[in-house]
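Notes for the structure review
Letter by letter, the chains look like this.
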Amino acid sequence: MIIVLNPHATKEQVALFKNTLEEKYGVTVNTWVGVESTVLGLIGDTTQIGEDWVSAQEVVESVKRVQEPYKKVNRKFHPDNTVIELPTGQKIGDGSLCIMAGPCSVESEEQINYVAQRVKDAGAAFLRGGAFKPRTSPYSFQGLKAEGLDLLKGARKVTGLPIVTEIMRVNHIDMFESVDIIQVGARNMQNFELLKELGKTDKPILLKRGLANTIEEWLMSAEYIMAGGNDKVILCERGIRTYETATRNTLDLSAIPIVKKRSHLPVIVDPSHATGKSSLVEQMSLAAVAAGADGLMIEVHNDPKHALSDGAQSLTPDKFDEVARKVFALKKAYDEIMNS
Ligand code: PEP
Ligand code: MN
């Protein structure tokens, strides 16, 4: 952190300020005295020092952070990739391509069991499905709720696929005890109370990027979970809102290499919510693999035309077979190219 001091600050004020930084935050403060201004360079862990607090001090003219405000998420302090391993053996972030697939919403026992079997046969490692749905309209289908969770567990029993499903409230954490990966949706990426509570669990958390959030804000949300003691965080890029209307969101593919450079956490891509169009899912899935994603989350429905949510972006099981075949083939070629 670099702090430019106010030229009118007195020696006593500066000494007091430097002392506070050193004593309270344990950083080393280097001072450069120039003709026009004095600059402080802080060395050490500055993640606890708020820029707002620094700017508000009378002795300060301006402040610039040169180190990222996140620590546990930061690759600088954890150079190796984080690999998340489930008790059932599935791994995310180990260099393999992990596919999570299933309907937007769990709708019935027949539907979820059928889709689960089909995505498993195509090579998916996880079954996704929403039981509690965050919908833009209060009149839209809100999910089967607890019954949906039971149906997911039933499908897991039948197929052996671990389940991923979205949580929306802190007081549902107990209800999600037997869920394998808890998803935090885009709309809750900055629900800090929820993130803090999930930080106290030992469940893998799939943290989707918010609709209008920067990469840094996304990583800070992951930091909330990790700061609570839970280091099993998987990031999911699902498109961000831009002025473009041709797609539901704009898939930020460059976020993948950026996040992988800044952080050690695995990153997966959801081309379904990113595009909103089933016709774009194949190409964006391939693009995500080529951009270095650790996995994909893809919506698959037995009958997309009659889906209770997100039918337009859902693949049929037959189309998913084809997409999965292509992405695994591309992943093989990608690994060969990258390792050659
Ligand atoms: C979902 O995965 O069903 C979902 C609601 O996604 P998002 O939070 O990315 O909109
Ligand atoms: Mn959906």
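Everything quoted here is computed from the prediction, not taken from an experiment. (Residues numbered from 1 in each chain as written. Chains lettered and ligands numbered in written order. Predicted model: local features only at pLDDT ≥ 70, side-chain atom pairs only at ≥ 80, totals over all residues. Heavy atoms only, no water.)

Digging into the state of the cysteines
Covalently bonding the sulfur atom of one cysteine to the sulfur atom of another cysteine gives a disulfide. Under the counting rule described, the total for this entry stands at 0 disulfides. Here cysteine 98 stays unpaired: no disulfide links it, and the sulfur of cysteine 236, its closest cysteine neighbor, is 11 Å away. Residue classification places cysteine 98 among the buried residues on the basis of a relative accessible area of 2%. (Disulfide = S-S within 2.5 Å. Buried < 20%, exposed > 50% of the residue type's maximum accessible area, 1.4 Å probe, protein only.)

Some remarks on the coordination of the manganese ion (ligand 2)
Surrounding the manganese ion (ligand 2) are the protein donor atoms Cys104 (SG), His273 (NE2), Glu299 (OE) and Asp310 (OD), which sit 2.0 to 2.3 Å from the metal. Counting residues between consecutive donors of the manganese ion (ligand 2) along the chain gives the motif C-x168-H-x25-E-x10-D. A residue pair is termed long-range when its members are at least 10 positions apart, and cysteine 104 in the loop between strand 7 (98–102) and helix 3 (109–122) and glutamate 299 in strand 14 (residues 295–299) qualify at 195 residues. (Donors = N, O, S within 2.8 Å, 3.2 Å for Na, K, Ca; no water. Helix = DSSP H or I, 4+ residues; strand = E, 2+ residues; numbered from the N terminus.)

Describing the sheet that holds strand 4 (residues 60–64)
Within a sheet, each strand pairs with its neighbour through backbone hydrogen bonds, oriented either parallel or antiparallel. Read across the open sheet, the 4 strands follow the order 2-3-1-4; overall the sheet is antiparallel. Lying at the two open borders of the sheet, with one neighbouring strand each, are strand 2 (28–33) and strand 4. Neighbour to neighbour, the strand axes of the sheet diverge by 20° on average, direction disregarded. Sheet topology note: the strand 1 (residues 2–5)/strand 4 ladder contains 4 bridges and is antiparallel. (Pairing = 2+ DSSP bridges. Axes fitted to C-alpha atoms, helices over the stretch in contact; angles between N-to-C directions.)

As for the side chain of lysine 331
Structurally, lysine 331 can be placed in helix 10 (residues 317–339). Within the structure, lysine 331 has its side chain in polar contact with the backbone oxygen of glycine 95 (distance 2.9 Å). If we skip the residues at most four places from it in the chain, lysine 331 touches Gly95, Ser96, Leu97 and Val289. (Polar contact = N/O pair within 3.5 Å; in protein donor to acceptor, adjacent residues only side chain to side chain. Contact = heavy atoms within 4.5 Å.)

What to know about the side chain of aspartate 294
Relative to the assigned elements, aspartate 294 resides in the loop between helix 9 (278–290) and strand 14. At a separation of 2.6 Å, a polar atom in the side chain of aspartate 294 contacts the side chain of lysine 260.

With respect to helix 1 (residues 11–25)
With 15 residues, helix 1 should cover 21 Å at 1.5 Å per step; its first-to-last C-alpha distance of 21 Å lies within 8% of that length. Where helix 1 is buried, its residues touch strand 1, strand 2, strand 3 (38–43), helix 2 (51–56) and strand 4. Looking one or two places after helix 1, you find glycine 26, whose phi comes out positive at around 65°. (Expected span 1.5 Å × (residues − 1).)

As for helix 10
Between its terminal C-alpha atoms helix 10 stretches 32 Å, which fits the 33 Å expected from 23 residues at 1.5 Å a residue. Where helix 10 is concerned, the buried positions are Pro317, Phe320, Val323, Ala324, Val327, Lys331 and Tyr334.

Concerning the site of ligand 1
Around ligand 1, the surrounding shell consists of Arg128, Lys133, Glu166, Gln183, Gly185, Ala186, Arg187, Lys208, Arg238, His273 and Glu299. At 2.7 Å from an oxygen atom of ligand 1 is found a side-chain nitrogen or oxygen belonging to arginine 128. Of the residues that constitute the shell around ligand 1, the class distribution is 1 nonpolar, 3 polar and 7 charged. (Near = heavy atom within 4 Å. Nonpolar A, V, L, I, M, F, W, Y, C, P; charged D, E, K, R; others polar.)

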